[in-house]
Amino acid sequence: MKKDMKFGTKAIHAGAHPDPTTGAIMTPIFQTSTYVQEAPGVNKGFGYARGKNPTREALQENIAALENGKHCVCFSSGMGATDAVIRTLRPGDEVITGDDLYGGSYRLFTKIYEPYGIKFHFVNLTDASNIEQYINENTKMIWAETPTNPTMQIIDIEACSKIAKTHNLTLVVDNTFASPYLQNPLNLGADIVMHSVTKYLGGHSDVVMGALITNSDEWHEKLYFVLNSCGANPGPMDSFLVMRGIKTLHLRMERHCFNGRKVAEYLKNHPKIEKVYWPGFPEHPNHEIAKKQMRDFGGMISIVLKDASIENTFKVASSFHVFSLAESLGGVESLINHPATMTHASIPKAEREKAGVVDNLLRLSVGVEDIEDILADIEQALA
Ligand SMILES: *Cc1c(COP(=O)(O)O)cnc(C)c1O
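*Asks:* Sorry, what's going on with the packing of aromatic side chains here?
*Replies:* Between two aromatic rings, the relevant description is the distance of the centres plus the angle of the planes. According to the stated counting rule, one finds nine aromatic pairs in the structure shown. On the basis of an interplanar angle of 40° and a centroid distance of 5.3 Å, the ring pair of Tyr 35 and Phe 46 is categorised as tilted. Of this pair, Tyr 35 sits in the loop between α1 (7–13) and α2 (54–66) while Phe 46 is found in the loop between α1 and α2, placing the two residues 11 residues apart along the sequence. Each member of the pair, Tyr 35 as well as Phe 46, carries the same accessibility label: buried. Summarising the aromatic geometry, the rings of Phe 320 and Phe 323 are spaced 5.3 Å apart at their centres and angled 65° between planes, so their arrangement reads as edge-to-face. Phe 323 shares its class with Phe 320; the two are buried.

Encoded structure:
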């Protein structure tokens, strides 16, 4: 596969080599735990399936191509991937990260790794110049998520990477909300890209998986070592499903963006809505950066209901028919989520509210259904 192919062509073809034994166009699901060796140590490049599986290899080649990266390592979940990166740190090391983070990342950092002596600074990264005051000789990493979940802040990846390079820090970007279709952090100077593959990459709400992409041989070796040593490896069936899902990523994303824009514009003028978080609005505080580093603005939108108690907010959240009330995002079907009690419940209330995750905030993952049905559903639920 030529390096200069465009996104949709790569989504369909990268990593998908016809099976040499049968010519099967789709990568087979290699449902095996081990591989027969011709003599001790003489094998076809595969020893034991925790380390390597051909279906997973094909998927990793595909995702690496989509992120313009040299290497990809897949994990059994997005958290497994995040854990693999943080595991490479040592007690005393410090990480600078955002103040609006996926709840599970916050929980991993504070509840699992802080007790091991790794320190995390939760900083407003929308102004990258906030970073420098937290840097000291122990600082090893910047962990940025953009757009953020759920308040849709946009963090300037290039500005963060300049600071990271000056101070010899590793910049990791959680690119889950944007997907590689909208944003490629490696091109903007990031060292590692993390994906919850569960979301847009998988795209059909039927798999949990994570991925790390890098251009650095050294980082690839370290991350693969963690995968093989700690065992958060994804199975072959899931790898196959994600490869199948990615073949339509560009088509799905076009529709997510189209529907997202229509929904954001509709909600903005709705009398029952106090606030709409969507980076496509010119008055969004980080709109210019979003325009610079993203190809479009995606289908993730958060809204604050006007003068609504938590009971009223629950009532609205339960009144949708096209949208389903559920955690997760990025699938073909529209989902609605109440972050304060669902995805972000593990963040203390005071912390949460400081980041804008109030009790009357709802997060929409706008799917790829027909826009008329989506808008009609929102209209009746708000009524
Ligand atoms: C879902 C999510 C994760 C965690 O991924 P899992 O696949 O659920 O483990 C991390 N970051 C973001 C932004 C997410 O939305």
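*Asks:* Looking at this structure, how should I read the side chain of Gln 183?
*Replies:* With respect to the helices and strands, the residue Gln 183 is situated in the loop between α6 (179–182) and β6 (192–196). Look at Gln 183 and you get buried, because its relative accessible area is 0%. Among the polar contacts listed, one links the side chain of Gln 183 to the side chain of Asn 175, at a separation of 2.8 Å.

*Asks:* Can you walk me through the site of the ligand in this structure?
*Replies:* In the vicinity of the ligand, 15 residues are found, and the nearest of them are Gly 78, Asp 174, Ser 196, Thr 198 and Lys 199. Within the contact set of the ligand, an oxygen atom lies 2.8 Å away from a side-chain nitrogen or oxygen of Ser 196. At 2.8 Å from an oxygen atom of the ligand is found a side-chain nitrogen or oxygen belonging to Lys 199. Of all the secondary structure elements, the ones that give two or more residues to the shell around the ligand are α3 (78–86) and β6. Residue classes in the shell around the ligand are distributed as six nonpolar, six polar and three charged.

*Asks:* Hey, could you run me through the layout of surface pockets in this one?
*Replies:* Vacant regions in the atomic arrangement are exposed by a probe of water-molecule size rolled over the atoms. Computed from the structure, the second largest pocket encloses a volume of approximately 380 Å³. The wall of the second largest pocket is formed by 18 residues, among which Asp 19, Pro 20, Phe 30, Phe 46 and Pro 54 lie closest to the centre.

*Asks:* Just checking my understanding: could you explain the environment of Asn 136 for this structure?
*Replies:* Looking at the secondary structure, you find Asn 136 in the loop between β3 (119–123) and β4 (139–145). On the basis of relative accessibility, which here comes to 31%, the residue Asn 136 falls in the partly exposed class. Taking the C-alpha atoms as reference, Asn 136 lies 23 Å from Thr 82; in sequence the two are 54 residues apart. Within the structure, Asn 136 has its side chain in polar contact with the backbone nitrogen of Asn 138 (distance 2.6 Å).

Procedures and definitions
- Residues numbered from 1 in each chain as written.
- Predicted model: local features only at pLDDT ≥ 70, side-chain atom pairs only at ≥ 80, totals over all residues.
- Heavy atoms only, no water.
- Phe/Tyr/Trp six-rings, centres within 6.5 Å; stacked < 30°, edge-to-face > 60°.
- Helix = DSSP H or I, 4+ residues; strand = E, 2+ residues; numbered from the N terminus.
- Buried < 20%, exposed > 50% of the residue type's maximum accessible area, 1.4 Å probe, protein only.
- Polar contact = N/O pair within 3.5 Å; in protein donor to acceptor, adjacent residues only side chain to side chain.
- Near = heavy atom within 4 Å.
- Nonpolar A, V, L, I, M, F, W, Y, C, P; charged D, E, K, R; others polar.
- 1 Å grid on protein atoms, 1.4 Å probe; cavity = no way out; pocket = protein on both sides within 12 Å on 5 of 7 lines; lining within 4 Å.
- Points joined across faces, edges and corners; volume = space filled by probe spheres on them.

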